[in-house]
Amino acid sequence: MDIENILREKDWESLIRKVLPVTIAVSFSFDKSMEIAGDLLNDSGNAEGDPAMFMRDYSVNLMIILREKFPQQWKVDWKNEAFLGICCNLVYREEEAFKHLKNALECFDNPPQSLILTYIRTGGAPNYYLSAEEIVELAHKAVKSGITLEMAQQMADLATTQEDWNSWTKKAKEAEANNIHTAVIVPDVLKDNVRTLKDYPYEK
Amino acid sequence: MKKLLLCLCILYLFPLVAWNAHEYLINGTACNNYLLYEEALSHLDMAIQLNPANKQSYEERAITYFELNRIDLALSDYQESRKTNPGGSTKRANRDFWDDYGYGWYDSGQQNFTILSCSLSTASADFATGLLEGISRGGQEGTIEFLSCIRGSCNALWAFACSPVEVSKELINAIYAMGEHLANTDTRSLLEEGLPELVECGRHWNEWSHHTKGKKMGYLIGKYGVSIFFYLGVGKGVSIFSDLKRANMMATLERYSLTKSTKILRESEKCAQKNGSVLKKIQNGCVIPHNANVASHVLQRKHNWHKMVKLTGDKDVDFKLVADFLKKESILNCERIHEFSFNSIRTYRYKKKIGKNTVVAVFETNNQNVPLLRNAWIEVKPPHGH
């Protein structure tokens, strides 16, 4: 079995069936292994249903192993931990998702808006890990970094009065018209392989 | 006297029959344009029955069969359309078939496309060269097994970029027209579709060279298939999309008729059957789960569905009840929040307030921009109430 060949062909089915994630982690560098995880995740978008879930699950498992095997490289970029949390959410591993996002959040005194919003959504779905008060407090912290479409929509969602709701909805529309969006969290190591929605900046 | 009566019959009845056949053809074509393929088929059957000599009816029915995934019948009608009435009145009939085509090839060693244009202008040839390059690149990014898929996400690839290629002038013109349409369409409505490449095309179309225009449009088609443009199908876009789809199908059927790739045909049919059934359900407003885990996940106790739906305890029945509930509440028509995007993976959150509770549903769009349900729950506490 030639892993290089499987990877060159992007034969993901063979990879999942025949190669353990740990084998990838011991055979390749951190960057290359992360690239493989990213490729799997990316191509899972074109494979619907269960194959997509197998690919994503494999990608998450690989990242978890990389986190243990290359702790130094992993910790260099907080987005690795946050991205792992986001990917855990994609495969319904919500507790793990929340744990990794919380770890990423704890790296900061003033966490970036993108991270807070992701953390709120994960923790607040469905109102399970974070209390309503915690969510409101975090959202007010995030809004200090500026009003984007996503931020304004989140604030409108939390509004308790019709007046507040109207005001945030108006701000959301303005942000949308001016293409002001919250940054997207993608690890530095995957940046070259990623195209995200236009007008959405990358988190630095 | 008998002869006179016979002449009168021929004089009066023949145009009537021809007119009826023509009317059926027009109706069939209209149904095709509005994706009503079953209806189109019955009209076109009648058109052919009344006037079997009209090449256009066969061509139109080939499109219907193609869309209904009856590829063998599509191919047979397409071939019939080429041999019947060669001097007829349709666009291409009085020209040699190959006059409509430029000839080109792909040099895998040099990674270059070359067009040897016999009937295209320089601008069109530049556009076509870029188009081929873009389709190949888009196709490589679009699907894992892109060569085995000739319909759905990559239906243009087979006709274009497999081997030595023949580029339909009609197809090139149709793609160019779609680019022009993008340039004249409000970019925000394009962004709504969550496809940055479309927005880019719309914004920069007029600044690009013909080669870049071709490359960008080819990339879109290679990656998503021509059906991506259906979502822009408003106003003028409908007819442009319809021209593009038609030209693409003709190019694809031409490739089929030149090859005997039955394996690819079978693969394609399987793929198209799956995509077709999902699309049909979505068109009817149904909520389709993204994967097999969705039902179990959605029905967790903490998701509070028992507050809104009378659950039975049977997972399949209960999930259907939830899906029907989301359909009834037209959740996909509510405002959506972009949640996550990573290349082709895009998730959106939809919310709707019902009484004191809020219904939340997370959908992921697939590569044809079709929303598939990933998660859904009821927020029962009203601190986020409006």
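A few points on the structure. Each chain carries its own residue numbering, running from 1 in the direction its sequence is written. Naming scheme: in the order in which they are written, chains are lettered from A and ligands are numbered from 1. Selection of residues for local features in this predicted model requires a pLDDT of at least 70, selection of side-chain atom pairs for listing and counting requires 80 or more, and totals for whole chains, interfaces and linings are taken over all residues. Heavy atoms throughout the structure, all of them, feed into the side-chain values; hydrogens and water do not.

Another point: the overall build of chain B. A count of helices and strands for chain B gives 14 helices and 7 strands. Across the 386 residues of chain B, 52% fall into the buried class. Here a residue-residue contact requires only that any non-hydrogen atoms of the pair lie within 4.5 Å. Sequence separation of 24 or more characterises 58% of the internal contacts of chain B that already satisfy a separation of 6 or more. On chain B, roughly 17,800 Å² of surface is accessible, and the fraction owed to carbon and sulfur atoms is 55%. Think of it this way: any DSSP run of H or I at least four residues long counts as a helix, any run of E at least two long counts as a strand, and we number them from the N terminus. Between buried and exposed lies partly exposed: a residue is buried under 20% and exposed over 50% of the maximum accessible area for its type, with that area taken using a 1.4 Å probe on protein chains only. Where accessible areas are quoted, they stem from the Shrake-Rupley method and a 1.4 Å probe; at the residue level, only the protein chains shown are allowed to cover.

Here we take up a nonpolar patch on the surface. All names here are of chain A. Note on patches: the residues involved have over 30% relative accessible area and no salt bridge, like charges join within 9 Å, and the nonpolar side chains Val, Leu, Ile, Met, Phe, Trp and Tyr join within 5 Å. Salt bridge, as used here, is a side-chain nitrogen of Lys or Arg placed within 4 Å of a carboxyl oxygen of Asp or Glu. On the surface, a nonpolar cluster with roughly 280 Å² of combined accessible area is contributed by Leu20, Val22 and Val26. Looking at the secondary structure, you find Leu20 in the loop between helix 2 (12-18) and helix 3 (21-27). Relative accessible area serves as the criterion here: at 56%, Leu20 is assigned to the exposed category.

This next bit is on the side chain of A:Asp157. With respect to the helices and strands, A:Asp157 occurs in helix 11 (residues 149-158). Looking at A:Asp157, its side chain comes within polar contact range of the side chain of B:Lys351, at 2.5 Å. Polar contacts, as used here, are pairs of N or O atoms within 3.5 Å; protein pairs need one atom able to donate a hydrogen and one able to accept it. Residues neighboring in sequence count only if both atoms are side-chain atoms.

To pair, rings of Phe, Tyr and Trp, with the six-membered ring standing in for Trp, must have centres within 6.5 Å; the planes then decide the type, stacked if under 30 degrees apart, edge-to-face if over 60, and tilted in the middle. Enumeration over the complete set of coordinates arrives at 7 aromatic pairs over all chains. Their ring planes at 15° and their centres at 5.1 Å tell us that A:Phe98 and A:Tyr119 sit as a pair that is stacked. Linking A:Phe98 in helix 8 (residues 94-105) with A:Tyr119 in helix 9 (residues 113-123), this pair joins segments that are 21 residues apart in sequence. A:Tyr119 shares its class with A:Phe98; the two are buried. A centroid spacing of 5.4 Å and a plane angle of 85° characterise the contact between B:Tyr350 and B:Phe363, whose relative ring orientation is edge-to-face. With B:Tyr350 in strand 5 (residues 345-354) and B:Phe363 in strand 6 (residues 357-365), this residue pair connects regions lying 13 residues apart in the sequence. Taken together, A:Phe30, A:Phe70 and A:Trp74 form an aromatic cluster joined through their ring pairs. Geometrically, a charge over a ring is one whose NZ (Lys) or CZ (Arg) sits within 6 Å of the ring centre while staying within 35 degrees of the ring normal. One cation-aromatic arrangement involves A:Lys171 over A:Trp168; the distance from NZ or CZ to the ring centre is 4.3 Å.

Take helix 7 (residues 78-90) of chain A next. All names here are of chain A. To estimate how far a helix should extend, the number of its residues minus one is multiplied by 1.5 Å. Spanning 13 residues, helix 7 covers 19 Å between terminal C-alpha atoms, matching the ideal 18 Å at 1.5 Å per step. Burial within helix 7 is extensive, with 12 of its 13 residues counted as buried. Of all the residues in helix 7, the buried ones are Trp78, Lys79, Asn80, Glu81, Ala82, Phe83, Leu84, Gly85, Ile86, Cys87, Cys88 and Leu90. Once helix 7 finishes, Tyr92 follows within two positions and takes phi at roughly 65°, a positive value.

A few words now on unusual backbone geometry. Although it is not a glycine, A:Lys10 adopts a positive phi angle of roughly 50°. Take A:Lys10: it is sitting in the loop between helix 1 (3-9) and helix 2. Judged by relative accessible area, which is 32%, A:Lys10 ranks as partly exposed. With a phi close to 60°, B:Asn304 is a non-glycine residue in the positive phi region.

In this section: the nonpolar core. The nonpolar side chains of soluble globular proteins are, as a tendency, buried together. Grouped together as the largest cluster of nonpolar side chains are 89 residues, with contacts concentrated most on A:Leu15, A:Ile24, B:Trp305, B:Leu326 and B:Leu373. For this core, the element with the highest residue contribution is helix 7 of chain A, accounting for 8 residues. Not counting the four nearest positions on each side in its chain, A:Ile24 is found in contact with A:Ile3, A:Leu15, A:Val19, A:Ser33, A:Ile36, A:Tyr58 and A:Leu62. Grouped together as the second largest cluster of nonpolar side chains are 14 residues, B:Leu198, B:Cys201, B:Met217 and B:Leu220 included. The criterion is simple. A nonpolar core is a set of buried Ala, Val, Leu, Ile, Met, Phe, Trp, Tyr and Cys residues joined through side-chain atoms within 4.5 Å.

On to the pattern of salt bridges, then. Side-chain pairs of opposite charge can arise where the charged atoms are in close proximity. In this structure the tally under the stated criterion is 18 salt bridges over all chains. Where A:Glu68 meets A:Arg67, a salt bridge forms, and the shortest distance between an N and an O atom there is 3.3 Å. Residue classification places A:Glu68 among the exposed residues on the basis of a relative accessible area of 55%. Put simply, B:Lys352 and B:Glu329 hold a salt bridge, and the shortest N to O gap is 3.1 Å. Of this pair, B:Lys352 sits in strand 5 while B:Glu329 sits in the loop between helix 14 (315-328) and strand 4 (336-342), and the two are 23 residues apart along the sequence. The partly exposed category is assigned to B:Lys352, whose relative accessible area is 26%. Here B:Glu329 falls in the buried class, since its relative accessible area comes to 17%. When salt bridges that share partners are traced, they join A:Asp77, A:Lys79, A:Asp188 and A:Lys191 into one network.

Below, the discussion takes up the sheet that holds strand 4 of chain B. To summarise the sheet geometry, strands pair through backbone hydrogen bonds and adopt either a parallel or an antiparallel arrangement. All names here are of chain B. Here, strands pair whenever DSSP counts at least two bridges between them. If you walk across this open sheet you meet the 4 strands as 4-5-6-7, and the pairing is antiparallel. Two strands bound the open sheet, and with one partner strand each, they are strand 4 and strand 7 (371-379). On average, adjacent strands in this sheet sit at an angle of 20° to one another, irrespective of strand direction. Bridging between strand 5 and strand 6 involves 9 bridges; their strand directions are antiparallel. What sits directly across from Arg349, in strand 6, is Val362. Axis definition: a line fitted to C-alpha atoms, limited for helices to the stretch in contact. Angles are taken between N-to-C directions and run from 0 to 180 degrees.

To continue, consider the packing of helix 11 of chain A against helix 12 (residues 162-177) of chain A. The angle between the axes and the distance between the axes are what describe a pair of packed helices. Residue and element names in this part refer to chain A. Put simply, helix 11 and helix 12 touch, their axes get as near as 8 Å, and they point 165° apart. One finds that helix 11 runs roughly antiparallel with respect to helix 12. As for the relative orientation of helix 11 and helix 12, their crossing is left-handed in sense. On the side of helix 11, the interface is formed by Leu149, Ala152, Gln153, Met155 and Ala156, while helix 12 contributes Trp165, Trp168, Thr169, Lys171, Ala172, Ala175 and Glu176. When its residues are assigned to classes, the contact of helix 11 with helix 12 shows 8 nonpolar, 2 polar and 2 charged. Here the angle decides the label: under 35 degrees means roughly parallel, over 145 means roughly antiparallel, 65 to 115 means roughly perpendicular, and every other value means oblique. By definition, any crossing whose near helix is turned counterclockwise from its far helix by less than a right angle is left-handed, and any crossing with a clockwise turn is right-handed. In this count, Pro and Cys sit with the nonpolar residues alongside Ala, Val, Leu, Ile, Met, Phe, Trp and Tyr, while Asp, Glu, Lys and Arg are called charged and the others, Gly among them, polar.

What follows covers the packing of helix 2 (residues 37-50) of chain B against helix 3 (residues 55-67) of chain B. All names here are of chain B. Relative to each other, helix 2 and helix 3 sit at 150°, their axes nearing to 9 Å. It follows that helix 2 is roughly antiparallel to helix 3 by the angle criterion. In this structure, helix 2 meets helix 3 at a crossing whose hand is left-handed. Residues Tyr37, Ala40, Leu41, Leu44, Asp45, Ala47 and Ile48 of helix 2 pack against Ser57, Tyr58, Glu60, Arg61, Thr64, Tyr65 and Glu67 of helix 3. Per-class residue counts for the contact of helix 2 with helix 3 are 8 nonpolar, 2 polar and 4 charged.

All right, on to the pairing of strand 4 of chain B then. Residue and element names in this part refer to chain B. Counting buried residues in strand 4 gives 5 out of 7 residues, a clear majority hidden from the surface. Pairing of strand 4 with strand 5, which is carried by 6 bridges, proceeds in the antiparallel orientation. Bridge pairing links Arg336 to Tyr350 in strand 5.

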